[in-house]
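Here's the letter readout for the chains.
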Amino acid sequence: MKKKYDVVALGELLIDFTDNGVSKQGNTVFEANPGGAPCNVLAMLQKLGNKTAFIGKVGEDIFGTKLKSVLKEVGIDTSGLVIDKDARTTLAFVQTLKGGDRDFSFYRNPGADMMLRSDEVNNKLIKNCAIFHFGTLSMTHKEVRKTTKKAIKKAKESGALISFDPNLRPPLWKSLDDAKKQVAYGLGQCDILKISDNEIQWFTGEKDFDKGIKKLQEEYKIPLIVLSMGKDGSRAYYKDLKVEKAAFVQKNTIETTGAGDTFGGCCLHFILKYGIEDLDKENLEKMLTFANGAASLITTKKGALRVMPEKEEVKDFIKKFKK
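Here is what the cut-offs are and how they apply
- Residues numbered from 1 in each chain as written.
- Predicted model: local features only at pLDDT ≥ 70, side-chain atom pairs only at ≥ 80, totals over all residues.
- Heavy atoms only, no water.
- Salt bridge = Lys/Arg side-chain N within 4 Å of Asp/Glu carboxyl O.
- Helix = DSSP H or I, 4+ residues; strand = E, 2+ residues; numbered from the N terminus.
- Buried < 20%, exposed > 50% of the residue type's maximum accessible area, 1.4 Å probe, protein only.
- Axes fitted to C-alpha atoms, helices over the stretch in contact; angles between N-to-C directions.
- Left-handed = near helix turned anticlockwise from the far one by under 90°.
- Contact = heavy atoms within 4.5 Å.
- Patch = residues over 30% accessible without salt bridge, like charges linked within 9 Å, V, L, I, M, F, W, Y side chains within 5 Å.
- Areas by Shrake-Rupley, 256 points an atom, 1.4 Å probe, with all protein chains shown as cover.
- Lys, Arg positive; Asp, Glu negative; His and termini not counted.
- Charge placed at Lys NZ, Arg CZ, Asp CG, Glu CD.
- Phe/Tyr/Trp six-rings, centres within 6.5 Å; stacked < 30°, edge-to-face > 60°.
- Lys NZ or Arg CZ within 6 Å of the ring centre and 35° of its normal.
- Polar contact = N/O pair within 3.5 Å; in protein donor to acceptor, adjacent residues only side chain to side chain.
- Pairing = 2+ DSSP bridges.
- Core = buried A, V, L, I, M, F, W, Y, C linked by side-chain atoms within 4.5 Å.
- Arc of directions from axis to C-beta.

(A) Representation of the pattern of salt bridges within the structure. Evaluation of the coordinates by the stated rule reveals 17 salt bridges. With its nearest N and O atoms 3.8 Å apart, the salt bridge here joins K47 to E310. Highlighted residues: K47 in helix α1 (residues 37-47) and E310 in the loop between α9 (281-298) and α10 (311-322), separated in sequence by 263 residues. Looking at E310, the relative accessible area reads 41%, which means it is partly exposed. The structure contains a network of salt bridges with shared partners spanning K57, D84, R117, D119 and E120.

(B) Summary view of the packing of helix α6 (residues 197-204) against helix α7 (residues 209-220). Packing of α6 against α7 brings their axes to within 9 Å, and their N-to-C directions diverge by 65°. Considering how the two elements wind past one another, α6 and α7 form a crossing that is left-handed. Contact residues: α6 offers D197, I200, Q201, F203 and T204, while α7 offers F209, G212, I213, K215, L216 and Y220.

(C) Here's a closer look at a positive patch on the surface. Taken together, K273, K286, K311, K315 and K319 make up a surface patch of like positive charges. Per-element tally for the positive patch: the top contributor is α10, with three residues. Along the polypeptide, K273 turns up in helix α8 (residues 259-274).

(D) Layout of the packing of aromatic side chains. What the rule picks out here adds up to twelve aromatic pairs. A connected cluster of aromatic rings, assembled from ring pairs, spans F17, F30, F63, F93 and Y107. Looking at K149, its charged tip hangs above the ring of Y185, at a distance of 4.3 Å from the centre. It is K180 that lies over the ring of W202; its NZ or CZ is 5.4 Å from the centre.

(E) Molecular detail of the side chain of T299. Counting through the fold element by element, T299 comes out in the loop between α9 and α10. You can call T299 buried: its relative accessible area is 8%. A distance of 2.6 Å separates the side chain of T299 from the backbone oxygen of S296, its partner in a polar contact.

(F) Region of interest: the pairing of strand β12 (residues 234-238). Among the five residues of β12, five are classified as buried, and the element is accordingly described as predominantly covered. Residues S234, A236 and Y238 point to one face of β12 and R235 and Y237 to the other, with burial holding for every one of them. Strand direction decides the pairing type here: strand β11 (residues 224-228) and β12, joined by five bridges, are antiparallel. Each bridged residue has a counterpart across the sheet, and for I225 the counterpart in β12 is Y237. The antiparallel pairing of β11 with β12 creates a hairpin that spans five residues between the two strands, and G230 there sits at a positive phi of about 60°. Across five bridges, the pairing between β12 and strand β13 (residues 241-245) is antiparallel. Residue pairing for β13: S234 is matched across the bridge by K245. Here β12 hands over to β13 after two residues, with K239 in that stretch at a positive phi of 50°.

(G) Summary view of the nonpolar core. Of all hydrophobic cores here, the largest spans 53 residues; its most connected members are L13, F54, L224, L284, M287 and L305. With nine residues, α9 is the single largest residue contributor to this core. In contact with L224, other than residues within four places in its own chain, are D191, I192, L193, Y237, Y238, I271, I276, L279 and L284. Residues Y5, F134, C190 and I222 belong to the second largest nonpolar core, which totals 41 residues.

(H) Structural view of α6. Within α6, the full set of buried residues consists of E199, I200, F203 and T204. Mapping the buried residues of α6 onto a view down its axis gives an arc of 105°, with all of them on the same face. On the buried face of α6, the contacting elements are β9 (161-165), α5 (176-189), β10 (192-196), α7 and β11. Note on α6: the residue one or two positions beyond its end, G205, has a positive phi of about 75°.

In structure tokens, the structure reads:
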């Protein structure tokens, strides 16, 4: 039976203040971009023609109001978005460093996203989705962690595939040991894992990605693992298959915020299209090529949520790039 929603995600919705040059007075100018990894993933899925919904919390303030209107603008169902008059919308200031890496400063003590309670979750959304997606920002604190775990349990009971992206942000954790425990929990629940190169090394202690992935496969029996490696491209590990595709590295890259989420959203789109039972080398190569292309395009724009590429835009870019 087809579910009403292709993907439902639970987690953070926030404002990414991205470094946007210097004012005439010599002050750093920050641009307020709508963000939050789960919603970035959903925004990419919407662009590819999927039906999505978000579960989370923002404050009843200028930022929360803006974020709700942006989700509606891009087509994400907001019936699971809670507006809390007593909370403040979470903010993240993102500074791009030389070489493209980023430094985050979060204003989240507390932030609305970490105050979502179990009784506020729209369970109808969870029961009616093909894929349920989450990360670890909704697992940094006790209340929202409990809410997330309850939602995962309901999603599994309803027969949804579970998608997990650790999306590790060390400044948000009291200790990285705690972060490891929650990442391990996520790994034990998911059918689809999107993980980055630095996250796999941090979690497994293996410098070699293949060895790190093998550890995860043996311990957690995850059917599909996709590994994003930035400028070095991406890999997919499925049963005995390992597929690798090069990145589309561009000279006009501005910043990498949202690139991993764009990549992850594209991978989920392919799972919705082909299923997870009988993927083959050709499907996986198509998936990685398209996902790499979309991720490359998003690095040429500020932010991610509102500016995800169209399907044809990605296809045209890949064709032109290969010439």
